[in-house]
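Here is what each chain is made of, one letter per residue.
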Amino acid sequence: MGRGQGPLESMVTMDIDIFGGFFKGKRVLITGHTGFKGSWLSIWLHELGAEVVGVGLDPYSDKDNYVLSGIGNKIMADLRADVRDGTEIEKIFQKYRPEIVFHLAAQPLVRFSYEEPVETYETNVMGTIHILEAVRHTDSVRVAVMITTDKCYENKERIWGYREDESMGGYDPYSSSKGCDELLISSWRRSFFNPKDYGVKHHVSLASVRAGNVIGGGDWSKDRIIPDCIRALEADKPIEIRFPKSIRPWQHVLEPLSGYMLLAKKMWKNPMHYCEGWNFGPKLESVATVWDIASRLVKDYGKGELKDVSDPTALHEANLLLLDITKAKFKLGWEPRLNIDQCMVMVSDWYKRYRNEDVYQLCIEQIGNYIQH
């Protein structure tokens, strides 16, 4: 599908390009582009002039950011494929010949992973292997950024953040599958994309990125605090909080995406120095409890009430998990722009406006506002 960028879009592009025009004309393949993070990344890259090839499943709901923004009709190719199908994935890579790959497609929910552990592993582990193999067999690819999660670390519920070189683990099937992802990405890097062999045996720079609890407009996934809150608010029902005391590093979706994109640029320019694991977390003051986040949303949204429905017999979820982002600050020059108040204002603003406005332009406006902070 053609992009057809008009004068207004070109004008907006200059306002939101903090990457010096790097992505203009680059062929970028995004897996999971129909998802929450993937749709925002697709919008941003499209506005920067990238030739975006999206590969994903059908969106979760007809209110997802992907659907309401219409980004699928704007990008170069909007494809449906399952990352568990390695043959189909390789065909797509061979046909569209991407230069940069962002792998976001995943089964991303902790509670669902208890219900469907096999599907979670098939999607998250074998899906990642299929993407790595497609990268290995497609000579156009120069940069591959593999998105995992902060939950990939062996969580000891400690009060300081995990650093990139600490042990992988995971209690629940989702978290452990992402720990496995990190191990296999490291294995593929050493075996097939070794920096020492760059330019001789291969020409791929491979990195993995880990972010905390990402929130923002257009997320309607089940068992996530912001979508659960909005569904209750729109139905004029109390917001039920299952884990009110759980502490999370909350960050707006644009925070890690800006890090992923900056990393991709750095990897392209200096492929042997950035092909490793990276944390992208929020400001320290953005670490807060689930109850506090829900309370802030109610305040910014303008209505609603909270109800504590804690269940001591509920499935295990981490109470405390923090990231150390020192490496990204010093080696990439990246740091979060928003504090928790600014983040929550942007989140509530999207959900208050999405029903009556052009959602694509709303997203562009929010990207512009994010950059101004």
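Novice: Can you walk me through unusual backbone geometry in this structure?
Specialist: Glycine aside, residues mostly have negative phi angles, and peptide bonds mostly take the trans form. One non-glycine residue, Asp-223, lies in the positive phi region at around 65°. By the element assignment, Asp-223 lies in the loop between strand E7 (213–215) and helix H8 (225–234). Its relative accessible area of 25% is what places Asp-223 among the partly exposed residues. Although it is not a glycine, Asp-236 sits at a positive phi angle of roughly 55°. Mapped onto the fold, Asp-236 is located in the loop between H8 and strand E8 (239–241).

Novice: Explain the pattern of salt bridges to me, please; I cannot follow it from the model alone.
Specialist: One side chain can pair with another of opposite charge once the charged atoms of both are near each other. Inspection of every chain in the model, using the stated rule, returns 26 salt bridges. Between Glu-51 and Arg-27 there is a salt bridge, with the nearest N and O atoms lying 2.7 Å from each other. Within this pair, whereas Glu-51 is found in strand E2 (residues 51–56), its partner Arg-27 is found in strand E1 (residues 27–31), the two being separated by 24 residues in sequence. The exposure class assigned to Glu-51 is partly exposed, which follows from its relative accessible area of 24%. The buried category is assigned to Arg-27, whose relative accessible area is 19%. Between Asp-300 and Lys-299 there is a salt bridge; the shortest N-O distance is 4.0 Å. Residues participating in the shared-partner salt-bridge network are Arg-111, Asp-223, Asp-228, Arg-231 and Arg-242.

Novice: Whenever I open this one, the side chain of Lys-37 confuses me. Can you help?
Specialist: Tracing the chain through its elements places Lys-37 in helix H2 (residues 36–47). Despite its burial, Lys-37 remains without a salt bridge, the nearest opposite charge being carried by Asp-150 at 9.0 Å. Sequence-distant contacts of Lys-37, defined by excluding residues within four places in its chain, comprise Leu-104, Ile-147, Ala-211, Val-214, Val-253, Leu-257 and Tyr-260.

Novice: Would you explain the packing of H2 against helix H9 (residues 254–269) in this entry?
Specialist: Helix-helix packing: each pair is described by the crossing angle between the helix axes and the interaxial distance. Across the interface, H2 lies against H9 with an axial gap of 10 Å and an inter-helix angle of 55°. With respect to H9, the element H2 is oriented oblique. Of the two possible hands of crossing, H2 and H9 adopt the one that is right-handed. Contacts from Lys-37, Trp-40, Leu-41, Trp-44 and Leu-45 of H2 reach H9 at Leu-254, Leu-257, Ser-258, Tyr-260 and Met-261. Considering only residue class, the contact of H2 with H9 consists of eight nonpolar, one polar and one charged.

Novice: Any chance you could explain the sheet that holds E2 here in plain terms?
Specialist: Backbone hydrogen bonds are what pair the strands of a sheet, in a parallel or an antiparallel way. With parallel pairing, the seven strands of this open sheet are ordered in space as E3-E2-E1-E4-E5-E6-E10. Only two strands of the sheet have a single neighbouring strand rather than two, namely strand E3 (77–80) and strand E10 (277–280). Strand after strand, the sheet turns through a mean of 20° between neighbouring axes, direction not considered. As paired elements, strand E5 (residues 143–147) and strand E6 (residues 205–211) share five bridges and run parallel to each other. Bridge pairing in E6 links Val-145 to Ala-207. This element, helix H6 (residues 117–136), spans E1, strand E4 (100–103), E5 and E6 of the sheet and lies at about 175° to E4.

What counts and what doesn't
- Residues numbered from 1 in each chain as written.
- Predicted model: local features only at pLDDT ≥ 70, side-chain atom pairs only at ≥ 80, totals over all residues.
- Heavy atoms only, no water.
- Helix = DSSP H or I, 4+ residues; strand = E, 2+ residues; numbered from the N terminus.
- Buried < 20%, exposed > 50% of the residue type's maximum accessible area, 1.4 Å probe, protein only.
- Salt bridge = Lys/Arg side-chain N within 4 Å of Asp/Glu carboxyl O.
- Lys, Arg positive; Asp, Glu negative; His and termini not counted.
- Contact = heavy atoms within 4.5 Å.
- Axes fitted to C-alpha atoms, helices over the stretch in contact; angles between N-to-C directions.
- Parallel < 35°, antiparallel > 145°, perpendicular 65-115°, else oblique.
- Left-handed = near helix turned anticlockwise from the far one by under 90°.
- Nonpolar A, V, L, I, M, F, W, Y, C, P; charged D, E, K, R; others polar.
- Pairing = 2+ DSSP bridges.

These figures capture arrangement, not role.
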